[in-house]
Amino acid sequence: MAQQITVDRQLCDNHGQCAIAAPAVFRMNDDGILEYEDSVDDALLDEVEEAVDVCPVQAIFFRD
Amino acid sequence: MEPRIVVVGASLGGLRAAEQLRSAGWSGQIVVIGDEPHPPYNRPPLSKATLAAPGTVRESLAALTFRPKRSATDVTWKLGTAVTAADLAAGVLELDDGERITFTGLVVASGLRPARVPAPGPLAGRHVVRRLEDSLALHAELAPGARVVVVGSGFIGCEVAATAATLGARVTLIEGGLGPMERTLGPALSAGVRGLLERHGVHVIPGARVIGFRGAGRCTGVALADGTEVGADVVVEAVGSVPNTAWLAGNGLDLADGVECDARLRVVDAAGTALPNVVAVGDVARYPDGRTAGPARRVEHWATPTDTAKIAAPTLVAALAGEQTPAPEPPLPSFWTDLFNVRIQGVGSPARADRIEVFEGDPAAPATGAAVGYYLGDRLIGAVTAGLPAPRQLYYRQQVLDASAPATLATV
C-alpha cells in the first residue's frame with residue numbers, strides 16, 4: 001500500500017528538516033529547494049511521520 | 001481507577017508527549033492540562049510572521065495551531081487551567097479551579113515564561129513575547145515611526161528588532177553582556193548579526209545595563225547604567241526565560257534551573273535518584289548533554305519538545321509496566337532564526353565550544369553566506385550556516401553527527 005502526501009508550497013520554507021527525517025522521501029536540491037515523492041510506501045510512513053513532526057512550518061500533509 | 005497519565009503543559013511539549021505516549025503503546029487515559037486557553041500552537045512566528053502581520057485572532061490561531069496526529073485524538077484537553085501544586089508521592093495535582101486530579105504517571109511539560117528586566121519603573125508600554133496575545137498586543141503598537149526599544153539581544157530580541165524595523169519602526173536594540181545571539185552563535189557570527197541589524201537601520205547599543213524605566217503611568221524611556229536615557233514609545237523585554245516549576249515545589253526536587261532529569265528524561269530527586277513515574281519534556285527539562293559529556297542543561301530550541309518527548313514517553317510507559325527502555329540516543333540540538341530574509345541554521349552545542357573555525361564565507365557578512373564550526377578540543381560539536389541553502393546545513397550537520405557519537409551516558 002502507498003500513502004499519498006503533499007507539501008503545501010505556500011507554507012514550505014525550505015528548512016530541510018524533512019530531508020533529515022525521511023531522506024528517501026524528501027531531499028533538498030542544490031538550490032536549497034525541496035523535492036519529494038508524493039506517493040510513499042507504507043514501510044516509510046514512520047519516517048514521514050517524523051518529517052511531519054519536525055517541519056517548523058507544519059507544511060507536510062497526509063492525503064486521504 | 002483506570003490508569004491515567006497527566007501531562008502538565010499544553011504547548012508543543014504537551015502535544016508531542018501525548019502523541020508519543022500513544023505511539024509507545026499507552027492505552028490508559030491521557031489528560032493534558034495547560035493554562036493557556038488555546039490548543040497547542042506554533043510559537044516561532046510570534047516574533048516573526050505573526051508579529052509582522054497577524055490578521056485577526058481567529059486567523060492567527062488557524063495559521064499557528066498544530067494538527068494533532070490521528071493516534072492522539074483520544075486525549076482529554078483541560079485548557080485555561082493551571083496546576084498550582086503537586087504531591088508526587090501521593091500522585092495528586094491541585095488545579096486553580098479547585099479540582100484535584102490523580103495520576104498514575106506524570107509528564108512535566110510546563111515550559112517557560114519570559115524573564116523581566118529587574119529594574120523599577122512603570123509597566124504600561126512594556127511587552128514580552130511568549131504567547132499569541134503578547135505578539136498581537138505588541139503588533140498593535142508597532143506603528144511606522146514608533147520608537148521601539150528592545151532590551152536583550154538573544155534570538156527573540158533580535159527577531160523582534162528585525163520585524164519592527166521591517167514594519168517601519170525606529171528600533172534600538174540594547175545588548176546585555178553578550179552581543180546579538182552570541183550565547184548560541186559565538187562572537188564571530190554575533191558580530192555579523194549586529195552588522196546585519198545595523199544595515200537595516202536598527203540602532204544597536206552594546207554592553208549596556210538597564211537600571212530603570214522612565215515615565216509617569218506609561219513607560220517613555222529606558223535608563224542605562226552609564227547615565228544615558230533612550231526614549232521609547234514601545235519597550236520589549238527579551239531577556240531570557242524562567243522555567244515554570246513553582247507547582248513542583250515541596251517534593252524534594254532540584255528546581256534551581258528547570259527540573260533535573262537523567263538521560264531518559266526521568267525526573268530525579270535531589271539525591272539523583274529517578275522517580276518511578278515522572279518524566280519531563282521540552283525546555284523545562286534539564287538533562288545531561290550526552291554528546292559532549294557536558295553538564296546537564298536546558299535546551300531552549302523549538303526542536304526540543306519533539307526530541308525529548310520521543311525519549312520521555314517510552315521511558316514512562318515502560319516504567320509504568322515495570323520495565324526499562326534501552327539507553328536512548330542523545331538528541332542532537334538544532335535551531336534556526338530568520339533575520340531580514342537571512343536564514344541562520346545550526347546544530348549541536350556551539351555554546352560549549354572552546355574554538356571556532358570558519359568553514360566557508362565570512363561570518364561578518366552572514367547575508368552573503370557563511371559556515372562556522374565549533375570545537376571542544378579536537379572535536380567538532382556544533383556547526384552554524386548563515387545565508388546558505390539547506391543542503392550546506394545538512395552537510396555540516398552530518399559532520400557534527402559523525403564527530404559527536406554519543407559519549408558515555410554517566411547518569412543512565
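Keep in mind that what you see is a predicted model, and the values were worked out from it rather than measured.

Turning our attention to the pattern of salt bridges. Counted according to the given criterion, the structure contains 32 salt bridges over all chains. Two residues, K69(B) and E49(A), come together in a salt bridge whose shortest N-O distance is 3.1 Å. Note that K69(B) is positioned in the loop between α3 (57-64) and β3 (76-79) and E49(A) in helix α2 (residues 45-54), a pairing that runs across two chains. Of the charged contacts, one joins E300(B) and R298(B) as a salt bridge, the two residues approaching to 3.0 Å between their closest N and O atoms. Here the salt bridges do not stand alone but share partners, grouping E49(A), E50(A), D53(A), R16(B), E19(B), K69(B) and K310(B) into one network.

Turning our eyes to something else, we now look at α3(B). All names here are of chain B. By the burial criterion, the buried members of α3 are S60, L61 and L64. Seen end-on, α3 carries its buried residues on one side only, within an arc spanning 100°. Opposite the buried face of α3, at more than 90 degrees from it, the exposed residues are R58, A62 and A63. Residues of α3 that are buried sit in contact with α2 (49-52) and α4 (132-139).

Okay, unusual backbone geometry next. Residues and elements named next belong to chain B. Here the phi dihedral of L265 falls at roughly 70°; this positive angle occurs in a residue that is not glycine. In this structure, L265 sits in the loop between β18 (259-260) and β19 (266-268). Its identity is not glycine, yet N341 carries a phi of approximately 65°, on the positive side. In this fold, N341 is placed in the loop between β23 (334-339) and β24 (342-348).

Now for the packing of aromatic side chains. Residue and element names in this part refer to chain B. If you walk through the whole model with that rule in mind, you get six aromatic pairs over all chains. For the pair F155 and F335, a centre-to-centre distance of 6.0 Å together with 85° between the ring planes defines the contact as edge-to-face. With F155 in helix α5 (residues 155-166) and F335 in strand β23, the pair connects residues that are 180 residues apart, well separated along the chain. Residue class for F335 comes out buried when judged on its relative accessible area of 6%. Between F359 and Y375, the ring centres sit 6.5 Å apart and the planes meet at 85°, which makes this aromatic pair edge-to-face. Residue F359 is found in strand β25 (residues 355-361), and its partner Y375 is found in strand β26 (residues 370-376); the two are separated by 16 residues along the sequence. Assessed through its relative accessible area of 12%, Y375 is described here as buried.

Next up on the list: the confidence of the model for chain B. Should pLDDT be low for a region, the predicted coordinates there are not to be read in detail. All names here are of chain B. Looking at chain B as a whole, the pLDDT averages 95, with 98% of positions reaching at least 70. A low-confidence stretch, residues 408-412 stays under pLDDT 50, and its non-local contacts, those more than four residues away or across chains, total 10 contacts. In the model output, the complex is listed with pTM 0.96 alongside ipTM 0.95.

All right, on to the environment of G80(B) then. Residue and element names in this part refer to chain B. Positionally, G80 belongs in the loop between β3 and β4 (83-87). Spatially, the C-alpha atoms of G80 and E36 are 4.8 Å apart, while their sequence positions differ by 44 residues. Once you skip the residues sitting within four places of it in the chain, G80 turns out to touch G34, D35, E36 and P37.

To continue, consider the interface of chain B and chain A. Counting from both sides, the interface comprises 21 residues of chain B and, opposite them, 24 residues of chain A. Across the chain B/chain A interface, buried area totals approximately 1700 Å², and carbon plus sulfur atoms make up 47% of it. For the interface between chain B and chain A, the tally reads six salt bridges. Across the pair K310(B) and D53(A) runs a salt bridge whose closest N-O atoms are separated by 3.5 Å. Across the contact surface, chain B and chain A share 10 residue pairs in polar contact (both at pLDDT 80 or more). Residue assignment for the side of chain B that touches chain A shows that the elements contributing at least two residues are α1 (12-23), α7 (304-320), β23, β24 and α8 (390-403) of chain B. Here the element with the most residues in the side of chain B that touches chain A is α8(B); it accounts for four residues. Of the residues belonging to the side of chain B that touches chain A, the class tally is seven nonpolar, five polar and nine charged.

Rules and cut-offs
As a convention, each chain's residues are numbered from 1 in the sequence order in which they are written. Lettering for chains starts from A, numbering for ligands starts from 1, and both go in the order in which the items are written. Given that the model is predicted, a residue must reach a pLDDT of at least 70 before its local features are reported, and side-chain atom pairs must reach 80 or more before they are shown or counted; all residues, however, enter totals for whole chains, interfaces and linings. To obtain the side-chain values, all non-hydrogen atoms of the structure were used and water was disregarded. For this document, the term salt bridge refers to a Lys or Arg side-chain nitrogen within 4 Å of an Asp or Glu carboxyl oxygen. Put simply, DSSP H or I for four residues or longer makes a helix, DSSP E for two residues or longer makes a strand, and each gets a number counted from the N terminus. Relative accessibility decides the category of a residue: with a 1.4 Å probe and only protein chains considered, values under 20% of the type maximum give buried, values over 50% give exposed, and everything between is partly exposed. The directions considered for the arc are those from the helix axis to the C-beta atoms. In this analysis, two residues are considered to be in contact whenever any of their non-hydrogen atoms come within 4.5 Å of each other. Two aromatic rings, drawn from Phe, Tyr or Trp (for Trp, its six-membered ring), form a pair once their centres lie within 6.5 Å of each other, and the interplanar angle then sorts them: stacked below 30 degrees, edge-to-face above 60, tilted otherwise. Every residue gets a pLDDT, meaning the predictor's confidence in that residue, from 0 to 100. Summed over both partners, the accessible area lost on bringing two parts together, with a 1.4 Å probe, is the buried area. We call two N or O atoms a polar contact when they sit within 3.5 Å, provided that within protein one can donate a hydrogen and the other can accept it, with sequence-adjacent residues counted only if both atoms are side-chain atoms. The residue classification treats Ala, Val, Leu, Ile, Met, Phe, Trp, Tyr, Cys and Pro as nonpolar and Asp, Glu, Lys and Arg as charged. All others, Gly included, are polar.

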